[in-house]
Amino acid sequence: MGNMVNKDQLKNIAERCSQYRFERDSSLRSDVKSMGETVSSCENCEHFNSEHKCNLNLIDQILSNMDVKLD
């Protein structure tokens, strides 16, 4: 089974990702805070595809870097 990342992890990853690009047409409007400010998350990045994967394969890479730092 592949790593199933949760929403909190997707936010942490997006904040660390140098390739993060906000997808204006994202259907995931729930990620917009009340002040109209957007939350960084893989879910609203243009590299995030319909299979919930990163087109650049950065999720696992960043996750493993984060795991190292959490030790």
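For the structure itself, consult the block above.
Quick look at the structure, then. As the structure is a computational prediction, the values presented were derived from the model and not from experiment. (Residues numbered from 1 in each chain as written. Predicted model: local features only at pLDDT ≥ 70, side-chain atom pairs only at ≥ 80, totals over all residues. Heavy atoms only, no water.)

Some thoughts on the overall build of the chain
Applicable threshold: In DSSP terms, a helix is any run of H or I states spanning at least four residues, a strand is any run of E spanning at least two, and both are numbered starting from the N terminus. Contacts: residue pairs with any heavy atoms within 4.5 Å of one another. Computed with a 1.4 Å probe, the accessible areas rest on the Shrake-Rupley method; for each residue, only the protein chains presented here act as cover.
What the chain contains, in helices and strands, is 2 helices and 0 strands. Across the chain, contacts joining residues at least 24 apart in sequence account for 54% of those joining residues at least 6 apart. Counting only carbon and sulfur atoms, one obtains 46% of the accessible surface of the chain, whose full area is about 5,300 Å².

Brief notes about the side chain of His47
Let me state the cut-off plainly: Here a polar contact is recorded for every N or O atom pair within 3.5 Å, except that within protein the pair must consist of a potential hydrogen donor and a potential acceptor, and residues adjacent in sequence are included only if both atoms are side-chain atoms.
Looking at where His47 falls in the secondary structure, it is placed in the loop between helix 1 (7-16) and helix 2 (59-70). At 3.0 Å, the side chain of His47 forms a polar contact with the backbone oxygen of Gln19. In contact with His47, not counting residues within four places along its chain, are Gln19, Arg21, Lys53, Cys54, Asn55 and Leu56.

A short note on the nonpolar core
How we decide: As used here, the term nonpolar core means buried Ala, Val, Leu, Ile, Met, Phe, Trp, Tyr and Cys residues forming a set that is joined through side-chain atoms within 4.5 Å. Exposure is judged per residue with a 1.4 Å probe applied to protein chains only, and the accessible area is read against the type maximum: over 50% gives exposed, under 20% gives buried, and values in between give partly exposed.
In terms of nonpolar packing, the biggest core is built from 15 residues, with Leu10, Ile13, Cys42, Ile59, Ile62 and Leu63 touching the most fellow members. When contributions to this core are tallied by element, the ones reaching two or more residues are helix 1 and helix 2. No other element matches helix 2, which puts 4 residues into this core. Every residue in contact with Leu10, bar those within four places of it in the chain, is listed here: Val5, Ser41, Cys42, Glu43, Phe48 and Ile59.

Observations concerning the state of the cysteines
For clarity, the threshold we go by: The term disulfide is used for any two cysteine sulfur atoms that are within 2.5 Å.
Enumeration over the complete set of coordinates arrives at 0 disulfides. Of the cysteine sulfurs around Cys42, a residue in no disulfide, the closest is that of Cys54, at 6.6 Å. No disulfide involves Cys54; its nearest neighbouring cysteine sulfur is the one of Cys17, lying 6.2 Å away. Owing to a relative accessible area of 14%, Cys54 belongs among the buried residues under this scheme.

Concerning unusual backbone geometry
Negative phi values dominate among residues other than glycine, just as trans dominates among peptide bonds. One non-glycine residue with positive phi stands out, namely His52, at about 60 degrees. Looking at where His52 falls in the secondary structure, it is placed in the loop between helix 1 and helix 2. With a phi close to 55 degrees, Asn57 is a non-glycine residue in the positive phi region. Judged by its relative accessible area of 59%, Asn57 falls in the exposed class.

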